[in-house]
Each structure stands twice: as structure tokens, then as C-alpha cells.
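Structural overview for review
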Amino acid sequence: QVQLVESGGGLVQAGGSVRLSCAASERTFSNYAKGWFRQAPGKEREFVAAINWSGGRSYYTDSVKGRFTISRDNAKNLVYLQMNYLKPEDTAVYYCAAKMAWGPNNDYKSSYSYWGQGTQVTVSS
């Protein structure tokens, strides 16, 4: 069964940095677009960032532009989310997701077919 597994979450102070990783269980996922979403308590799951299969294109929600960077290493079957200048409002469970094609709906949860179990990021003030 195809799996996405996130790691790297934890507790960090405001202004600090964390790097999340997402490992895919199958090599075929290197051809998929990948996304990161997050869900804070009591809120809807929201889009954070997406990257196409080659890593040549990326897209971010406005609130993280200039602070977060999505990247991938297809040789290792990994996707990363480098999060800098973290704020308390970044506190959430962060999810990795995968879909077959890059397109205009990269920020839509429904366009992603595969999801990880999530990793908690808590930013203290």
C-alpha cells in the first residue's frame, strides 16, 4: 500500500526554524506533484505549499511566502518543507500529500489522492 510518512515536527520557539520531511513508499511518487497542508485545532485543513514533479515549480499560500520553502529530492524519494521565522499561528498538524499532475488546483485538498498521517508543529511565543 502506498504511504506518505511525515517527520521532523516538534516544539519550537517563535522565530525559530523546523524542517519537515515526507517520505514516499514507492518510487513512482517521484513523478507526482507534492503538497503540504496544515490543520490547526478547530480549523479546516489549509494549503501551505506545493511543488511539481521536477522541483522546478512551486506555489505558496500568502501567509508563508518568504518564510517557508518546499523542495524535493527525487533520488531519495523525499519532499521537504523548510519553515523559518515561525510564528505561533503556524502551530498545526502538517500533512504531506501527493497528486499526479501539477495544475491550477494545487491548493485544493480534493485534488490530492494520497495523504500522510501528519506531524505536529507547535510554535511557542
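Analysis parameters
- Residues numbered from 1 in each chain as written.
- Predicted model: local features only at pLDDT ≥ 70, side-chain atom pairs only at ≥ 80, totals over all residues.
- Heavy atoms only, no water.
- Helix = DSSP H or I, 4+ residues; strand = E, 2+ residues; numbered from the N terminus.
- Contact = heavy atoms within 4.5 Å.
- Phe/Tyr/Trp six-rings, centres within 6.5 Å; stacked < 30°, edge-to-face > 60°.
- Buried < 20%, exposed > 50% of the residue type's maximum accessible area, 1.4 Å probe, protein only.
- Lys NZ or Arg CZ within 6 Å of the ring centre and 35° of its normal.

1. Focus on the side chain of Ser 30
Of note, Ser 30 is situated in the loop between strand S3 (18-24) and strand S4 (33-39). Ser 30 has contacts with Trp 53, Arg 72, Asn 74 and Asn 77, leaving out every residue within four places of it along the chain.

2. Examining the packing of aromatic side chains
The full count for this structure, using the stated rule, is 8 aromatic pairs. Ring geometry for Tyr 32 versus Tyr 114: centroids 6.1 Å apart, planes at 65°, classification edge-to-face. Of the two residues, Tyr 32 sits in the loop between S3 and S4 while Tyr 114 sits in strand S10 (residues 114-115), which places them 82 residues apart along the sequence. Taking the centre distance of 5.6 Å and the plane angle of 75° together, the rings of Phe 37 and Phe 47 count as edge-to-face. One end of the pair, Phe 37, is in strand S4; the other, Phe 47, is in strand S5 (residues 46-51), and 10 residues separate them in sequence. Residues Phe 37 and Phe 47 agree in their burial class; the two are buried. Through a chain of ring-to-ring contacts, the aromatic side chains of Phe 37, Phe 47, Tyr 59, Tyr 112 and Trp 115 assemble into a single cluster. Of note, Arg 45 hangs over the ring of Trp 115, and the distance from its end group to the ring centre comes to 5.0 Å. A cation over an aromatic ring shows up here: Lys 99 above the ring of Tyr 112, its NZ or CZ 5.5 Å from the ring centre.

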